[in-house]
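# Coordinates in review
Spelled out from the first residue to the last, the chains are:
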Amino acid sequence: MRYVAMDFETGNGYYTSACSIGLSYYEDDKLVGSESFLIRPPDAVGKFHWYNVKIHGIKRSMVKDAPTFDAVWEKFKERVEGSVLVCHNAGFDTEVLCRCLEFYQLPLPNCQYICTVEVSKKVWSELENHKLNTVADALGISLNHHEAASDAHACGEILQCALRKTGCTDAQMLAENLGMHLGMISPEGRRSGAAAKQIARKRKLQKSDSQKDQKADPQKTEKRGKVNETSI
């Protein structure tokens, strides 16, 4: 299974204000590459907020000559297609990705994603919190917090640690083992793991109700079959 561990830093509260992205690429359990890019956000998002700058240290002036997101996307979009994105707080990072693509009127990729915050809560529930630096420290993963490349690498390593600890072979098996569902991104939009879980539960209940109806009134089911046959 291919994984793309991904982390965005933003200039302010707008999702389209992405000013940096870190990426680590995995083939199954092997780290095969990593890269990071500064991004020049669109002028429409306005000034960088002082608090965001305090967190990651990137000022607007530092990205004035950086490529815009559409140009950066061209450099790694093929790696994302068909992969599993790995993010710490995946709801945020995948929303940034989708909003930036939509801003530049680019199609969303087909991929899945998993949140290492949710994974770590289930695998290492004893930790005092499940912030990236807390989990990384507990697992002995080096981290320069809020530096996008370092954060992305830490996300990827947290997933690998979780796979080893649970004995799972991939993210799909891990999600099933932990009672989670992978999120999904497609040209039609984004669906969170929680939403996928609710849909699966609803389908299961509908199937159960249908089976109960058939057991309660087998003649009704037989009549339905006859009606269907006559309509063919």
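Residues numbered from 1 in each chain as written. Predicted model: local features only at pLDDT ≥ 70, side-chain atom pairs only at ≥ 80, totals over all residues. Heavy atoms only, no water.

### Structural notes on the overall build of the chain
Here is the rule: Note on conventions: DSSP H or I runs of at least 4 residues are helices, E runs of at least 2 residues are strands, and numbering of each starts at the N terminus. The criterion used for residue contact is that any of the two residues' heavy atoms lie within 4.5 Å. Here the open area of atoms and residues is found with the Shrake-Rupley method and a 1.4 Å probe, where only the protein chains shown may cover a residue.
In terms of helices and strands, the chain carries 9 helices and 7 strands. The contacts of the chain with a sequence gap of at least 6 include a subset with a gap of at least 24, amounting to 64%. For the chain, the exposed area adds up to about 12900 Å²; of that, 48% sits on carbon and sulfur atoms.

### A few points about the state of the cysteines
Test applied: Pairs of cysteine sulfur atoms within 2.5 Å are what we label disulfides. Only protein chains enter the accessibility calculation, which uses a 1.4 Å probe; a residue is then buried when its area is under 20% of its type maximum, exposed when over 50%, and partly exposed in between.
Applying the stated rule across the entire model yields 0 disulfides. Cys-87 takes part in no disulfide bond, and the closest cysteine sulfur to it belongs to Cys-155, at a distance of 6.5 Å. Accessibility expressed as a relative area gives 0% for Cys-87, which makes it buried.

### Describing the layout of surface pockets
Defined as follows: Put simply, the grid is 1 Å and covers the protein atoms alone, a cavity is a trapped set of points that fit a 1.4 Å probe, a pocket is an open set with protein on both sides within 12 Å along at least five of seven lines, and lining residues have an atom within 4 Å of a point. Grid points are joined across faces, edges and corners, and a volume is the space filled by probe spheres set on the points.
Approximately 440 Å³ is the volume found for the largest pocket. Together, 19 residues line the largest pocket, and Asp-7, His-88, Asn-89, Phe-92 and His-146 are the ones closest to its centre. Elements that contribute at least two residues to the lining of the largest pocket include exactly strand S1 (2-10), helix H1 (50-56) and helix H3 (90-103).

### Thoughts on the pairing of strand S6 (residues 183-186)
We count it as follows: Here, a strand pair is defined by DSSP locating no fewer than two bridges between the strands.
Here strand S5 (residues 111-115) pairs with S6 via 3 bridges, running antiparallel. What sits directly across from Cys-111, in S6, is Ile-185. With 3 bridges joining them, S6 and strand S7 (residues 189-191) adopt antiparallel strand pairing. Of the residues in S7, the one forming a bridge with Ile-185 is Arg-190. As consecutive antiparallel partners, S6 and S7 are separated by 2 residues.

### Brief notes about the pattern of salt bridges
The line we're drawing: Any Lys or Arg side-chain nitrogen found within 4 Å of a carboxyl oxygen on Asp or Glu counts as a salt bridge.
All told, the structure shown has 6 salt bridges when counted by the stated rule. With a closest N to O distance of 3.2 Å, Lys-77 and Glu-74 form a salt bridge. Here Glu-74 and Lys-77 lie together in helix H2 (residues 69-80), a separation of 3 residues that amounts to about one turn. Among the salt bridges present, the one from Glu-118 reaches Lys-121, with a minimum N-O distance of 3.9 Å. You can see Glu-118 and its partner Lys-121 sitting in helix H4 (residues 116-123), 3 residues apart, about one turn around the helix. Each of Glu-95, Arg-99 and Arg-190 takes part in a single network of salt bridges with overlapping partners.

### Focus: the environment of Thr-166
Looking at the element boundaries, Thr-166 is found in helix H6 (residues 148-166). With 43 residues separating them in the primary sequence, Thr-166 and Val-123 have C-alpha atoms 7.9 Å apart.

### Remarks on the sheet that holds strand S3 (residues 30-38)
Put simply, the rule is: Here an axis means a line fitted to C-alpha atoms, over the contact stretch when the element is a helix, while the angle between two N-to-C directions is reported on a 0 to 180 degree scale.
Ordered in space as S3-S2-S1-S4-S5-S6-S7, the 7 strands form an open sheet in which the pairing is mixed. Each edge of the open sheet carries a strand with a single partner, namely S3 and S7. On average, each strand axis in the sheet is tilted by 20° relative to the strand beside it, whichever way the strands run. Alignment of strand S2 (residues 18-27) against S3, held across 8 bridges, turns out to be antiparallel. Paired with Glu-27 across the two strands is Lys-30, which belongs to S3. Its contacts with the sheet place H3 against S1, S2, strand S4 (84-87), S5, S6 and S7, and it is angled at close to 80° to S1.

### So, the packing of aromatic side chains
Selection criterion: Planes of paired rings set the category: under 30 degrees apart is stacked, over 60 is edge-to-face and the rest tilted, where pairs are Phe, Tyr or Trp rings (Trp by its six-membered ring) whose centres lie within 6.5 Å. Any Lys NZ or Arg CZ that is within 6 Å of a ring centre and within 35 degrees of that ring's normal is treated as a charge sitting over the ring.
Taken as a whole and judged by the stated rule, the model has 6 aromatic pairs. A ring pair is formed by Trp-73 and Phe-76, whose centres lie 5.1 Å apart and whose planes are at 85°; its orientation type is edge-to-face. Of this pair, Trp-73 and Phe-76 both sit in helix H2, 3 residues apart, which is roughly one turn of the helix. Summarising the burial analysis for this pair, Trp-73 and Phe-76 share the class buried. Ring geometry for Phe-103 and Tyr-104: centres 5.0 Å apart, planes at 80°, overall edge-to-face. A residue is classified by how much of its surface remains accessible, and Phe-103, at 39% relative accessible area, is partly exposed. Positioned over the ring face of Tyr-25 is Arg-79, at 3.9 Å from the centre of the ring.

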